[in-house]
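Remarks on the overall topology
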Amino acid sequence: MRTTPIPATLRRQWGLDLSPAQLYAVLRLRQDVFVVEQNCVYADVDGRDLDQGTRHFWLEAEGTHEPLAYLRLTEEPGASFRIGRVVTARMARGRGFSRRLMQAALVDVGTAPCVLDAQTYVVDFYASFGFVPEGAEFIEDGIPHLRMRRTP
């Protein structure tokens, strides 16, 4: 089954520069998938979205301001980065949007170390970007995860 192309524009915004409407839209997408669809009650609003070094990446449908896919890149102590909150709307899956977002975020990461906590079923996806599992599987909010690290 082939997926119908959805034209999408890549957006990148510093946390402090997000408009209220942009912040609302990405929080709503994260809530729709993580909290409602995955039935995972957790504290999504963790204080990091508006940090000075936080970058938000999303793809929005042409002609709208609705995010189809999203990820957050945060600066961590020791000149490293963390990728998190990688999410794609149900109707936009299977179109390579998460891959586009990862490629864009890794441009900002450059040669710095980067870590993420991957849901176990997508470990191979992150491995395709050079991330390597680190440590044992753990359960976070009822979902199996693996910490993964990319050290160029």
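This text goes with the structure placed above it.
This structure is a prediction, so every number in the text was calculated from the model and none was measured.

Here is what the cut-offs are and how they apply
- Residues numbered from 1 in each chain as written.
- Predicted model: local features only at pLDDT ≥ 70, side-chain atom pairs only at ≥ 80, totals over all residues.
- Heavy atoms only, no water.
- Pairing = 2+ DSSP bridges.
- Helix = DSSP H or I, 4+ residues; strand = E, 2+ residues; numbered from the N terminus.
- Salt bridge = Lys/Arg side-chain N within 4 Å of Asp/Glu carboxyl O.
- Buried < 20%, exposed > 50% of the residue type's maximum accessible area, 1.4 Å probe, protein only.

Observations concerning the pairing of strand β8 (residues 143–150)
Of the pairings in the sheet, the one linking strand β5 (residues 114–119) to β8 comprises six bridges and is antiparallel in character. The residue of β8 that forms the bridge with V115 is R149. Here two bridges tie strand β6 (residues 132–133) to β8, and the two strands are oriented antiparallel to one another. Bridge pairing in β8 places V132 opposite R149. Alignment of strand β7 (residues 138–140) against β8, held across three bridges, turns out to be antiparallel. What sits directly across from F138, in β8, is H145. In textbook terms, the turn of a hairpin is the stretch between consecutive antiparallel strands, and for β7 and β8 this stretch comprises two residues, one of which, D141, has a positive phi near 55°.

Regarding the pattern of salt bridges
Following the criterion strictly, the structure yields twelve salt bridges and no others. Two residues, E60 and R11, come together in a salt bridge whose shortest N-O distance is 3.1 Å. Here E60 is found in strand β2 (residues 55–61), whereas its partner R11 is found in strand β1 (residues 8–14), with 49 residues between them in sequence. Residue E60 is classed as buried on the basis of its relative accessible area, which comes to 5%. In this structure, the salt-bridge partner of R72 is D49, at a minimum N-O distance of 3.0 Å. Of this pair, R72 sits in strand β3 (residues 67–76) while D49 is found in the loop between α1 (20–37) and β2, placing the two residues 23 residues apart along the sequence. Given a relative accessible area of 6%, R72 falls into the buried group. D49 sits in the buried class, given a relative accessible area of 6%. Through salt bridges with shared partners, a single ionic network connects R12, R55, E75 and D108.

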